[in-house]
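# A closer look at the structure
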Amino acid sequence: MVSGASLGVGRATAIEFARRGYDVALIARAAESLDAAAAEVARAAHGGRVLAVAADVAEAEQVDAAAERVERELGAIDVWVNVAMTSVFAPVREYVAREVRRTTDVTYLGSVYGMMAALRYMLPRDRGVIVNVGSALALRSIPLQAAYCGAKHALVGFTASLRCELIHDRSSVRVTVVHLPAMNTPQFAQVRSKLPHEPQPVPPIYQPEVAARAIVRAAEHPRREYWVGLPTVAAIIGQRLVPGLLDLYLGRTGFTSQQTPRPADPDRPDNLDEPFPGDLGTHGAFDDRAKARSVQAWASAHRRGLLGTVAALAGAAALDQRGRR
């Protein structure tokens, strides 16, 4: 079960699950892009079934109805991935209340409603994994995306509370968070922006498939958190060590790094209130600048094996040195 599965990271994640033989349910509100995504997932499927469910994750009743349909038509939900998001690129002084509310409803409450729906089925069976897609911005905010950063921070807090409750109840249900760097997704073509130039992800940029592989890994090998990409690691550790220095740095660079040199079209449509027309696919407009691999993400996923190898090599070196002596 993948929310926000019609575009970007959600779509890439649904495709990755299908390639590995999973039955995949896709949830999104944009019917046209949802149908196109479902067709692409079906082409990638290795024996699994595909179900597309049109729903707005900001509406709890629609999320519950989607979960009920998936249980009825595909069977038990073993993995629930919360990806759906939206944002507004603007200084806080230019926000209006409904823009903050909508960003929060989709990005934060949409994931909360997903967790609640998943738990209703997973807890009685005492199995299942919930994967929440976070961001480096969930732990280190940047300018011009205050509503989105706030929603992702809230998601981390809610997830931590749930994790403690599952431990208390000795439940076998797991919840994990995958924190992502800047991704080359179509969100920058459809997000609401009040900036003078077109918005862009803060470089370095990664392809959605990097995120998809990490999310599937988290579903199959859940742990507390996964950090994807060196920029994510740098942002999280930097926030822990020198938050004030990052405030100064982002105050000076965060405006220009999130805009291309191209002037923005003030009349372009956006997806904040209504689905964006057409199908924008998985990738955004930054293929020529986006990385298809993350060595850090691979190393993080295989850290136990790497640590064991390092320990074995260190032990062998110590024995060799002792022998020489």
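Residues numbered from 1 in each chain as written. Predicted model: local features only at pLDDT ≥ 70, side-chain atom pairs only at ≥ 80, totals over all residues. Heavy atoms only, no water.

### Digging into the environment of Thr-185
Mapping Thr-185 onto the fold places it in the loop between β8 (182-183) and α6 (187-190). Given a relative accessible area of 7%, Thr-185 falls into the buried group. Thr-185 sits 83 residues away from Arg-102 along the chain, and the two C-alpha atoms are 20 Å apart. Setting aside residues up to four positions removed in sequence, Thr-185 forms contacts with Gly-8, Val-9, Pro-208, Thr-282, His-283 and Gly-284. (Helix = DSSP H or I, 4+ residues; strand = E, 2+ residues; numbered from the N terminus. Buried < 20%, exposed > 50% of the residue type's maximum accessible area, 1.4 Å probe, protein only. Contact = heavy atoms within 4.5 Å.)

### A few points about the pattern of salt bridges
If you walk through the whole model with that rule in mind, you get 20 salt bridges. Residue Asp-78 is joined to Arg-127 by a salt bridge in which the shortest nitrogen-to-oxygen separation is 3.2 Å. Highlighted residues: Asp-78 in the loop between α3 (60-73) and β4 (79-82) and Arg-127 in the loop between α4 (97-125) and β6 (129-133), separated in sequence by 49 residues. A residue is classified by how much of its surface remains accessible, and Asp-78, at 38% relative accessible area, is partly exposed. (Salt bridge = Lys/Arg side-chain N within 4 Å of Asp/Glu carboxyl O.)

### Digging into the sheet that holds strand β14 (residues 290-291)
Here we have three strands laid out as an open sheet, ordered β8-β11-β14, and parallel in their pairing. The two strands at the open ends of the sheet, each matched to only one other strand, are β8 and β14. Of the pairings in the sheet, the one linking strand β11 (residues 205-206) to β14 comprises two bridges and is parallel in character. Residue pairing for β14: Tyr-206 is matched across the bridge by Lys-291. (Pairing = 2+ DSSP bridges.)

### Concerning helix α5 (residues 146-168)
Between its first and last C-alpha, α5 extends 34 Å over 23 residues, near the 33 Å set by a 1.5 Å rise per residue. Residues of α5 that are buried: Ala-147, Tyr-148, Cys-149, Ala-151, Lys-152, Leu-155, Val-156, Thr-159, Leu-162, Arg-163 and Leu-166. Looking one or two residues past α5, Arg-170 carries a phi angle of roughly 55°, positive in sign. (Expected span 1.5 Å × (residues − 1).)

### Comments concerning the nonpolar core
Counting residues in hydrophobic clusters, the biggest one holds 34 residues, and the most contacted among them are Phe-17, Leu-26, Val-81, Val-131, Val-178 and Leu-180. Tallying contributions element by element places helix α7 (residues 208-220) first for this core, with seven residues. When residues no more than four places from it in sequence are discounted, the contact partners of Phe-17 are Val-2, Tyr-22, Val-24, Val-79, Val-81, Val-216 and Ala-219. If you look at the next biggest cluster of nonpolar residues, it comprises 32 residues, including Val-53, Val-57, Ala-58 and Val-175. (Core = buried A, V, L, I, M, F, W, Y, C linked by side-chain atoms within 4.5 Å.)

### As for the packing of helix α1 (residues 8-19) against helix α2 (residues 31-44)
Here α1 crosses α2 at 25°, and the two axes come no closer than 8 Å. In this view, α1 runs roughly parallel relative to α2, as classed from their interaxial angle. Between α1 and α2 lies a crossing of right-handed hand. Here Arg-11, Ala-14, Ile-15, Ala-18 and Arg-19 of α1 come into contact with α2, specifically with Ser-33, Ala-36, Ala-37, Glu-40, Val-41 and Ala-44. (Axes fitted to C-alpha atoms, helices over the stretch in contact; angles between N-to-C directions. Parallel < 35°, antiparallel > 145°, perpendicular 65-115°, else oblique. Left-handed = near helix turned anticlockwise from the far one by under 90°.)

### Some remarks on helix α8 (residues 230-241)
With twelve residues, α8 extends 16 Å between its outermost C-alpha atoms, agreeing within 8% with the 16 Å of an ideal straight helix rising 1.5 Å per residue. Taken residue by residue, α8 has Thr-232, Val-233, Ala-235, Ile-236 and Gly-238 as its buried positions.

### Quick look at unusual backbone geometry
Across the junction of Pro-203 and Pro-204, the peptide omega takes the value 0°, indicating a cis bond. By the secondary structure assignment, Pro-204 is in the loop between β10 (197-199) and β11. Phi angles above zero are rare outside glycine, and Leu-144 is one such case at about 75°. Looking at the element boundaries, Leu-144 is found in the loop between β6 and α5. When its relative accessible area of 5% is taken as the criterion, Leu-144 is described as buried.

### Here's the deal with the packing of aromatic side chains
Each aromatic ring pair is specified by the distance between its two centres and by the angle formed by the two planes. One pass over the structure, following the stated rule, counts four aromatic pairs. Relative to Tyr-22, the ring of Phe-17 lies with its centre 4.9 Å away and its plane at 80°, an arrangement referred to as edge-to-face. Residue classification places Tyr-22 among the partly exposed positions, given a relative accessible area of 26%. Looking at Arg-223, its charged tip hangs above the ring of Tyr-226, at a distance of 3.9 Å from the centre. (Phe/Tyr/Trp six-rings, centres within 6.5 Å; stacked < 30°, edge-to-face > 60°. Lys NZ or Arg CZ within 6 Å of the ring centre and 35° of its normal.)

### Focus on the side chain of Thr-107
Looking at the element boundaries, Thr-107 is found in helix α4. Overall, the relative accessible area of 0% leaves Thr-107 in the buried class. Among residues more than four places away in sequence, those in contact with Thr-107 are Ala-84, Met-85, Thr-86, Tyr-148, Ala-151 and Lys-152.

### Concerning the environment of Ala-18
Along the chain, Ala-18 falls in helix α1. Expressed as a C-alpha distance, the spacing of Ala-18 and Gly-48, which sit 30 residues apart in the sequence, is 6.4 Å. Setting aside anything within four residues of it in sequence, one finds Ala-18 in contact with Val-24, Val-41, Ala-44, Ala-45 and His-46.

Worth remembering: the numbers are spatial, not functional.
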